[in-house]
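# Fold and contact review
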Amino acid sequence: MPELTLNVNGQDRKFDVPADTPLLWVLRDTLTLTGTKYGCGAGLCGACTVHLDGNAVRSCVTPVSAAAGKNVVTIEGLSGGNSHPLQVAWIAEDVPQCGYCQSGQIMTAAALLAKNPNPSDEDITNAMTGNLCRCGTYNRIRKAIHRAANGGGAK
């Protein structure tokens, strides 16, 4: 196995794993960054979403070799002290119920806001499609994204 290097949350990390290992398992098992969740294993639910060079990707179906030499950001690296406007808005809008999908939801929303800082409802729907929330907090997710786009802040 060749040694791979990833820049994860601003730090270069080296490890030996098979090149086809899903990025999710490297993040969770090798690097112990457990904020990124395993949901479906097929890239269909969004719980495993991370940023790869600023783009939202499903880490359960992304081979680690595809991330080598690129910047990976997980929910742990999105901000210090949960201070990202989306994290603040998520709390202010009481978005989570069970919370399992939330890191993937936030990472997808963060990629959206980085590309489109003032999204319409349609933009949000299009970006968030495929991020499943079994608790059905979609309306609160939308409100939180709009809140973050408008400067965030607590209630």
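For the structure, check the block above.
Everything numeric here is computed off the predicted structure, so don't read it as measured data.

Right, let's get into a nonpolar patch on the surface. A cluster of nonpolar side chains, Trp-25, Tyr-38 and Tyr-100, forms an exposed patch at the surface whose accessible area comes to about 290 Å². Counting through the fold element by element, Tyr-100 comes out in the loop between α3 (85–92) and α4 (102–115). The class of Tyr-100 is partly exposed, set by a relative accessible area of 42%.

What describes two packed helices is the angle between their axes and the distance between those same axes. Two elements in contact, α4 and helix α6 (residues 138–149), have axes whose closest approach is 11 Å; the angle formed by their N-to-C orientations is 40°. One finds that α4 runs oblique with respect to α6. In this structure, the crossing between α4 and α6 has a hand that is right-handed. Taken together, the residues of α6 that come into contact with α4 (itself represented by Gln-105, Ala-109, Leu-112 and Leu-113) are Ile-141, Ile-145, Ala-148 and Ala-149.

Relative to strand β2 (residues 11–16), strand β1 (residues 3–8) runs antiparallel, the two being bridged by six bridges. Looking across to β2, one finds that Val-8 is bridged to Gln-11. Between the antiparallel neighbours β1 and β2 lie two residues, among them Asn-9 with a positive phi of about 50°.

This next bit is on the sheet that holds β2. Hydrogen bonds along the backbone pair up the strands of a sheet, which may run parallel or antiparallel. Here we have five strands laid out as an open sheet, ordered β2-β1-β5-β3-β4, and mixed in their pairing. Edge positions in the open sheet fall to β2 and β4 (55–58), since each of these has one partner strand only. Neighbour-to-neighbour, the strand axes of the sheet open up by a mean angle of 40°, direction not taken into account. Across four bridges, strand β3 (residues 49–52) lies against β4 in antiparallel orientation. Looking at the pairing, Val-50 lines up with Val-57 of β4. Sitting on the sheet, α4 is in contact with β3, β4 and β5 (71–73), with an inclination near 35° to β3.

Parameters and conventions
Residues numbered from 1 in each chain as written. Predicted model: local features only at pLDDT ≥ 70, side-chain atom pairs only at ≥ 80, totals over all residues. Heavy atoms only, no water. Patch = residues over 30% accessible without salt bridge, like charges linked within 9 Å, V, L, I, M, F, W, Y side chains within 5 Å. Areas by Shrake-Rupley, 256 points an atom, 1.4 Å probe, with all protein chains shown as cover. Salt bridge = Lys/Arg side-chain N within 4 Å of Asp/Glu carboxyl O. Helix = DSSP H or I, 4+ residues; strand = E, 2+ residues; numbered from the N terminus. Buried < 20%, exposed > 50% of the residue type's maximum accessible area, 1.4 Å probe, protein only. Axes fitted to C-alpha atoms, helices over the stretch in contact; angles between N-to-C directions. Parallel < 35°, antiparallel > 145°, perpendicular 65-115°, else oblique. Left-handed = near helix turned anticlockwise from the far one by under 90°. Contact = heavy atoms within 4.5 Å. Pairing = 2+ DSSP bridges.

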